[in-house]
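Each chain, written out:
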Amino acid sequence: MSRPGLHRLIRHHGARRKAVLLSVLGTSVVAGIVATMMPLLASDDLSIRAAADTTATVVTQDGDNSAKTTLATCPARCDGNPRGGRDAVIQFAVTTVPATAVNVRATLRVHSWRTAAATVTAHASPVDARAARPAPAVPGPALATVTAVRPGFNEWDVSKLVTGNGTWTVSLAQTGLETRVYWAATENRDPELRPRLLITYDIGTRPSAVVTSPAVAPPSPSVSPSAPPRPSPTTSPARPTPSATPSPSVGSGRCGEVSAELVPSCGAWWGMYSPTSAADGWDHGGAVTEVEAQVGRRFDIVHRYHDFSNTGSNGAFPDVYERQQMREGRLLFFAWESRIFSSGKVLTWADIYSGRHDATIDAVAGRIRDTGVPVFMGFDHEPEDEPAKGSDAEFVRAWRHVHDRFAAAGAANAVWVWTMMGWSGHYNRYAGLYPGDRYVDWVAYDPYNFHVCNGSTVWKSPSTTVGGFYRWLDEHGIGAGKPRMLAEFGTNFNSADPAAKRRWFEEFPAALKAHPKIKAAIYFNSAGMTTTTGNCNMTMNHDASALAGFARAGQDSYLRQPTGGSR
């Protein structure tokens, strides 16, 4: 999110490691024993490093012939040499796909450092990837094509070749641009940049009996106030006073309790960011209640983005709408951005920790303190995509400065949410961006199934979408023991499968259950920095089918807390 109402399109989406976990329970069938028609159980994924790679070319020498840190592609006429062609050849040894795996999908991911107007096609290859500079060979069938090389990871769907266990060799052949494009090889000193094969799959089994229960009627839709509410002292939301639970990320096991850090003891909070505009009179309250009426429930969390102006609804928060939302029992999540929305001015992190804006920080801290209720508070979400603001170390210093000013102001009701993009291309930076356990209460990230909105053709299941950074956090111990949040999430639709978006939403609760450390999920209901077209629309209510799927997800018991807005 680089400015209000927009979210950043992840230019090079990373590995999404968990595959789909499908729910097979109906919500409006008579009670009894029925046979499920969906023979799928829990699923998993594999992220496999290349076993070998090489550059196939007849050029005898263009550097050290020993281990290379890069691969190269180039058409037959390359840099003026009519016989200078180069193909990148990469081999993978796949050994751990279960025999019961179905719906196997394989994506080749190779890193480049530049933008290039080159077309690069992945083929099945007969070339020995362990040979030093072998001659190119006639490639096998084309598998997938990238029509323009981007800096970062480029992806090819190689599912036609990789169908399970085996040794699979892929070559990348370039056309168009008659100069070399370089790619990270298996010997690259940064292991995060080396070629990977991402495999997702479902686990097949025989149909089994499922006991279903009668449908439960949804609650009446929430009604928007007839007029913008007047500012008044905020009273405590109609939910139990938070009480400490044994583990922030797990809870006490007794449903209905909420910890001091706003962690529900069972299930997860369900939230919404819903933008407004001048055409709607900047009615931030109505923007939320209108969607609530469509989905038949109140959201637990309302997410808003604010700036450092300390004026108007952008900067003088909580504003009148947010105070009303708190009175009505919703939790507020304030994403505070170090910029001025109206002018576009960007504040650096050095500006923040130098004390230059302490008056603004103290004023906001005082208003947060005076609400008298716990609120979620974030500072500069997705800082890894803000190079103009400073270094990673400066972000940490600015975060701690803001946190400490809140503490000095007595705003102990601020629950601090550290929000990253969660993209694999930044995995090597996240440790350096983490302010430290005593400065962070929740760890959040922003996963999306962009599909064609970002040029990819890969359709990612909910579990695949949310799973990559989730697993990385587990593996690297950042924020260990802390609850996790999807501060933004979303999905495109699939023009080739009109029901895909509805199913994606219906499968989403199962994905959360498979990732139990996620204790809150907030839908970003905006085009953001994508462009709405005939093949791209990221909103959850752009058609009746998508809306029905989203509404059904929100009725899942896992997302219907016995406290807060979902009652």
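Residues numbered from 1 in each chain as written. Predicted model: local features only at pLDDT ≥ 70, side-chain atom pairs only at ≥ 80, totals over all residues. Heavy atoms only, no water.

Engineer: What should I look at first to understand the overall build of the protein chain in this one?
Structural biologist: The number of helices and strands found in the protein chain is 10 helices and 24 strands. The buried share of the protein chain, reckoned over its 567 residues, is 57%. Pairs at least 24 apart in sequence give 80% of the contacts found in the protein chain among residues at least 6 apart. Carbon and sulfur atoms make up 55% of the accessible area of the protein chain, which totals about 22000 Å². (Helix = DSSP H or I, 4+ residues; strand = E, 2+ residues; numbered from the N terminus. Buried < 20%, exposed > 50% of the residue type's maximum accessible area, 1.4 Å probe, protein only. Contact = heavy atoms within 4.5 Å. Areas by Shrake-Rupley, 256 points an atom, 1.4 Å probe, with all protein chains shown as cover.)

Engineer: Sorry, what's going on with the nonpolar core here?
Structural biologist: As a rule of thumb, soluble globular proteins bury nonpolar side chains together. With 71 residues, the main nonpolar core has Met-377, Phe-406 and Trp-418 as its most contacted residues. Sort the elements by how many residues they give to this core and helix H6 (residues 392–408) lands first, with six residues. Excluding its chain neighbours within four sequence positions, the residues that come into contact with Phe-406 are Trp-336, Ile-361, Val-364, Ala-365, Ile-368, Met-377, Ala-411, Ala-414 and Trp-416. With 36 residues, the next largest nonpolar core counts Ala-88, Val-97, Val-104 and Ile-199 among its residues. (Core = buried A, V, L, I, M, F, W, Y, C linked by side-chain atoms within 4.5 Å.)

Engineer: Just checking my understanding: could you explain the sheet that holds strand E10 (residues 166–175) for this structure?
Structural biologist: Across a sheet, strands are paired by hydrogen bonds formed along the backbone, either parallel or antiparallel in direction. Strand order in the open sheet made by the five strands is E3-E5-E10-E7-E8, with antiparallel pairing throughout. Every interior strand has two partners, whereas the edge strands, strand E3 (52–57) and strand E8 (142–146), have only one. Each adjacent strand pair in this sheet contributes to an overall mean axis angle of 20°, direction not counted. In the sheet, strand E7 (residues 119–124) pairs with E10 via six bridges, with the strands oriented antiparallel. If you follow Thr-119 over to E10, its bridge partner there is Thr-175. (Pairing = 2+ DSSP bridges. Axes fitted to C-alpha atoms, helices over the stretch in contact; angles between N-to-C directions.)

Engineer: Please explain the state of the cysteines as it appears in this structure.
Structural biologist: Where two cysteines share a covalent bond between their sulfur atoms, that bond is called a disulfide. Summed over the entire model, instances satisfying the criterion amount to two disulfides. The disulfide that involves Cys-74 links it to Cys-78, with 2.0 Å between the sulfurs. The sign of the 100° torsion about the S-S bond sets the Cys-74-Cys-78 disulfide as right-handed. With respect to burial, Cys-74 and Cys-78 carry one shared label: buried. Residue pairing for Cys-453: its cysteine sulfur links by disulfide to Cys-536, the two sulfurs lying 1.9 Å apart. As the torsion about the S-S bond is roughly 110°, the Cys-453-Cys-536 disulfide counts as right-handed. With Cys-453 in the loop between strand E22 (448–449) and helix H8 (462–476) and Cys-536 in the loop between strand E24 (518–524) and helix H10 (544–554), the pair connects residues that are 83 residues apart, well separated along the chain. Like Cys-453, the residue Cys-536 is buried in the burial classification. (Disulfide = S-S within 2.5 Å.)

Engineer: When you look at the pattern of salt bridges in this model, what are you seeing that I'm missing?
Structural biologist: Any two side chains of opposite charge can pair if their charged atoms end up close together. Considering all chains together, one arrives at 22 salt bridges under this definition. Here Glu-506 ties to Arg-502 by a salt bridge, and the two come within 2.9 Å at their closest N and O atoms. Of this pair, Glu-506 and Arg-502 both sit in helix H9 (residues 500–514), four residues apart, which is roughly one turn of that helix. (Salt bridge = Lys/Arg side-chain N within 4 Å of Asp/Glu carboxyl O.)

Engineer: Help me out: how do you make sense of the packing of aromatic side chains in this one?
Structural biologist: Within a pair of aromatic rings, the relevant descriptors are the distance that separates the centres and the angle that separates the planes. If you walk through the whole model with that rule in mind, you get 38 aromatic pairs. Measuring from ring centre to ring centre gives 4.2 Å for Phe-308 and Trp-336, while their planes differ by 10°; the resulting arrangement is stacked. Of this pair, Phe-308 sits in the loop between strand E15 (301–306) and helix H2 (312–315) while Trp-336 sits in strand E16 (residues 331–336); the two residues are 28 residues apart in sequence, bridging distant segments of the chain. We classify Trp-336 as buried; its relative accessible area is 0%. A centroid spacing of 5.7 Å and a plane angle of 75° characterise the contact between Phe-317 and Trp-336, whose relative ring orientation is edge-to-face. Taken as a pair, Phe-317 in the loop between H2 and helix H3 (320–327) and Trp-336 in strand E16 lie far apart in primary sequence, 19 residues in all. (Phe/Tyr/Trp six-rings, centres within 6.5 Å; stacked < 30°, edge-to-face > 60°.)

Engineer: So what exactly am I meant to see when it comes to the side chain of Glu-155 here?
Structural biologist: Assignment of secondary structure puts Glu-155 in strand E9 (residues 152–157). One polar contact links Glu-155 to Arg-109, side chain to side chain, over a distance of 3.0 Å. (Polar contact = N/O pair within 3.5 Å; in protein donor to acceptor, adjacent residues only side chain to side chain.)

Engineer: Sorry if this is basic, but what is going on with the pairing of E10 here?
Structural biologist: Across the 10 residues of E10, seven count as buried, placing the element largely inside the fold. Bridge count between strand E5 (residues 86–94) and E10: seven bridges; the pairing is antiparallel. Bridge pairing in E10 places Ala-93 opposite Thr-167.

Engineer: Would you explain unusual backbone geometry in this entry?
Structural biologist: Phi is mostly negative for residues that are not glycine, and the peptide bonds are mostly trans. In this model, Phe-317 is joined to Pro-318 through a cis peptide bond whose omega is 0°. Topologically, Pro-318 is positioned in the loop between H2 and H3. Backbone geometry at Trp-282 places phi at a positive 50°, although glycine is not the residue there. Although it is not a glycine, Asp-380 adopts a positive phi angle of roughly 45°. Its location among the elements puts Asp-380 in the loop between strand E19 (375–379) and H6.

Engineer: I would appreciate a short explanation of the environment of Ala-135 in the present structure.
Structural biologist: Relative to the elements of secondary structure, Ala-135 occurs in the loop between E7 and E8. Residue classification places Ala-135 among the partly exposed positions, given a relative accessible area of 47%. The spacing of Ala-135 and Asp-87 is 48 residues in sequence and 9.2 Å in space, taken between C-alpha atoms. With residues near it in sequence (within four places) discarded, Ala-135 still touches Ala-56, Thr-57, Val-58 and Val-127.

Engineer: Hey, could you run me through helix H1 (residues 284–295) in this one?
Structural biologist: Taking 1.5 Å as the rise per residue, H1 with 12 residues should run 16 Å; its terminal C-alpha atoms sit 18 Å apart, in good agreement. Of all 12 residues in H1, nine are buried, a share of seventy percent or more. Residues His-284, Gly-285, Gly-286, Ala-287, Val-288, Thr-289, Val-291, Glu-292 and Val-295 constitute the buried set of H1. Buried residues along H1 sit against strand E14 (269–273), E15, H2, H3 and H10. Just downstream of H1, Gly-296 is the residue with a positive phi angle, here 80°. (Expected span 1.5 Å × (residues − 1).)

Engineer: Looking at this model, I keep getting lost on the packing of helix H5 (residues 358–371) against H6. Mind explaining?
Structural biologist: Each pair of packed helices can be described by the angle between their axes along with the distance between the axes. Between H5 and H6, the least distance of the axes is 9 Å, while the angle of their chain directions is 50°. By the criterion of interaxial angle, the relationship of H5 to H6 is oblique. In this structure, the crossing between H5 and H6 has a hand that is right-handed. For the pair H5 and H6, the contacting residues are Asp-358, Ile-361, Asp-362, Val-364, Ala-365 and Ile-368 in the first and His-401, Val-402, Arg-405 and Phe-406 in the second. Grouping the constituent residues of the contact of H5 with H6 by class yields six nonpolar, one polar and three charged. (Parallel < 35°, antiparallel > 145°, perpendicular 65-115°, else oblique. Left-handed = near helix turned anticlockwise from the far one by under 90°. Nonpolar A, V, L, I, M, F, W, Y, C, P; charged D, E, K, R; others polar.)

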